[in-house]
Amino acid sequence: MKILVLLLGLTVASYAQYNRYPYNPEYYGRHIAILRQSKDTAPDGSYSYSYDTENGISVAEQGRPKNIGPAQIEEVRGQYSYTAPDGTPILVTYTADENGFQASGAHLPTPPPIPPAIQRALSYNAAHPEEEEPYRRY
């Protein structure tokens, strides 16, 4: 009886060890194949990569280091495209540099125009700059 319990215990322990993380296709989702992929890096720090998948996603990006005074930043240009669930093709192009990340695409919202009163105020402020007063020290 002791041998039977010992064998049963070893069997359960080995089964638990090998099936600790069983593959569950419903949890991990469908695997998407990569149809094309390329990447390139250069000694100066510049790079480029791109890939296309079987479900219609396409990505491409190029970047290079850029010196701005004593600082060094990364200047990046790229784009990605896919098909939205409603069937609309989406294309986003972007740049990222010293001015920050700037994306553009036909599906992205645009800001409303600046009201005329604010445009007049901004023009007036630009034409009549105020002199800065030094800070008062008490």
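The structure presented is a predicted model; accordingly, all values stated were derived computationally and were not measured. Residue numbering note: each chain is counted from 1, following its sequence as written. A pLDDT threshold of at least 70 governs which residues receive local features in this predicted model, and a stricter bar of 80 or more applies before side-chain atom pairs are shown or counted, although totals over entire chains, interfaces and linings include all residues. By convention in this description, side-chain values take in all heavy atoms of the structure and omit both hydrogens and water.

Colleague: Break down the packing of aromatic side chains for me, citing the residues and quoting the values.
Modeller: In this analysis, rings of Phe, Tyr and Trp, with Trp reduced to its six-membered ring, are considered paired at centre separations within 6.5 Å, and the interplanar angle assigns stacked below 30 degrees, edge-to-face beyond 60, and tilted for intermediate values. On inspection of all chains with the given rule, the structure shows four aromatic pairs. Taking the centre distance of 6.5 Å and the plane angle of 10 degrees together, the rings of Tyr80 and Tyr82 count as stacked. Only protein chains enter the calculation, and the probe is 1.4 Å; a residue is then buried if its accessible area is under 20% of its type maximum, exposed if over 50%, and partly exposed in between. The class for Tyr80 is partly exposed, based on a relative accessible area of 34%. Looking at Tyr82, the relative accessible area reads 34%, which means it is partly exposed. Here the aromatic residues Tyr80, Tyr82, Tyr94 and Phe101 are joined through ring pairs into a cluster of three or more.

Colleague: Let's hear about the sheet that holds strand β2 (residues 47-53): which residues, and what values?
Modeller: When DSSP locates at least two bridges between a pair of strands, those strands are taken to pair. A run of H or I in DSSP becomes a helix once it reaches four residues, and a run of E becomes a strand once it reaches two; helices and strands are each numbered from the N terminus. On the basis of which strands lie adjacent, the open sheet formed by six strands has the order β1-β2-β3-β4-β5-β6 and antiparallel pairing. Strands at the two margins of the open sheet, each flanked by one partner only, are β1 (34-41) and β6 (100-104). Going across the sheet, the axis of each strand differs from the next one's by a mean of 10 degrees, ignoring polarity. Two strands pair when backbone bridges link them, and strand β5 (residues 89-97) and β6 are joined in this way by five bridges, in the antiparallel orientation. Across the sheet, residue Ala96 finds its bridge partner in β6, namely Phe101. All axes are obtained by fitting lines to C-alpha atoms, using only the stretch in contact for helices, and the reported angles, taken between N-to-C directions, cover 0 to 180 degrees.

Colleague: Help me get a handle on the pattern of salt bridges, residues and values and all.
Modeller: Salt bridge, as applied in this entry: a Lys or Arg side-chain nitrogen positioned within 4 Å of an Asp or Glu carboxyl oxygen. Counted under the stated rule, the structure contains four salt bridges. The shortest N-O distance in the salt bridge between Asp52 and Arg36 comes to 3.0 Å. Here Arg36 lies in strand β1 and Asp52 lies in strand β2, a separation of 16 residues in the sequence. On the basis of relative accessible area, Arg36 is assigned to the partly exposed category, the value being 39%. Among the ionic pairs, Glu75 bridges to Arg64, the shortest N-O distance being 2.6 Å. Of this pair, Glu75 sits in strand β4 (residues 71-83) while Arg64 sits in strand β3 (residues 58-68), placing them eleven residues apart in sequence.

Colleague: Go over the pairing of β2, please, and point to the residues and values.
Modeller: Successive side chains on a regular strand alternate, one facing one side of the sheet and the next facing the other. Looking at chain direction, β1 and β2 are connected through seven bridges and run antiparallel. Residue pairing for β2: Lys39 is matched across the bridge by Tyr49. Between the end of β1 and the start of β2, which pair antiparallel, lie five residues, with Gly45 showing a positive phi angle near 100 degrees. Sheet topology note: the β2/β3 ladder contains six bridges and is antiparallel. Following the sheet pairing, Asp52 is matched in β3 by Ser58. Connecting β2 to the antiparallel partner β3 that follows it, the hairpin turn spans four residues, and Gly56 within it adopts a positive phi of roughly 95 degrees.

Colleague: Can you explain helix α3 (residues 116-127)? Please cite residues and give values.
Modeller: Under the convention used throughout, the expected extent of a helix is 1.5 Å for every residue step, that is, one less than its residue count. An ideal rise of 1.5 Å per residue puts 16 Å on twelve residues; α3 measures up with 16 Å between its terminal C-alpha atoms. Of all twelve residues that make up α3, zero are buried, and the element is exposed over most of its length.

Colleague: Please set out the confidence of the model for the chain residue by residue, giving values where relevant.
Modeller: Here pLDDT means the predictor's own confidence in every residue, given as a number from 0 to 100. The predicted model of the chain has a mean per-residue pLDDT of 85, with 81% of residues at 70 or higher. Taken element by element, the predicted model of the chain shows its lowest mean pLDDT in helix α2 (residues 25-28) (61) and its highest in β2 (96).

Colleague: So what's going on with a nonpolar patch on the surface? Residues and values would help.
Modeller: Each patch is built from salt-bridge-free residues with over 30% relative accessible area, joining like charges within 9 Å and nonpolar side chains (Val, Leu, Ile, Met, Phe, Trp, Tyr) within 5 Å. Surface accessibility follows the Shrake-Rupley procedure with a 1.4 Å probe radius. Residue values consider only the protein chains on display as shielding. Taken together, the side chains of Ile3, Leu6, Leu7 and Leu10 define a hydrophobic patch exposed on the protein surface, amounting to about 440 Å² of accessible area. Within the secondary structure, Leu10 sits in helix α1 (residues 2-18). The exposure class of Leu10 is exposed, given its relative accessible area of 53%.

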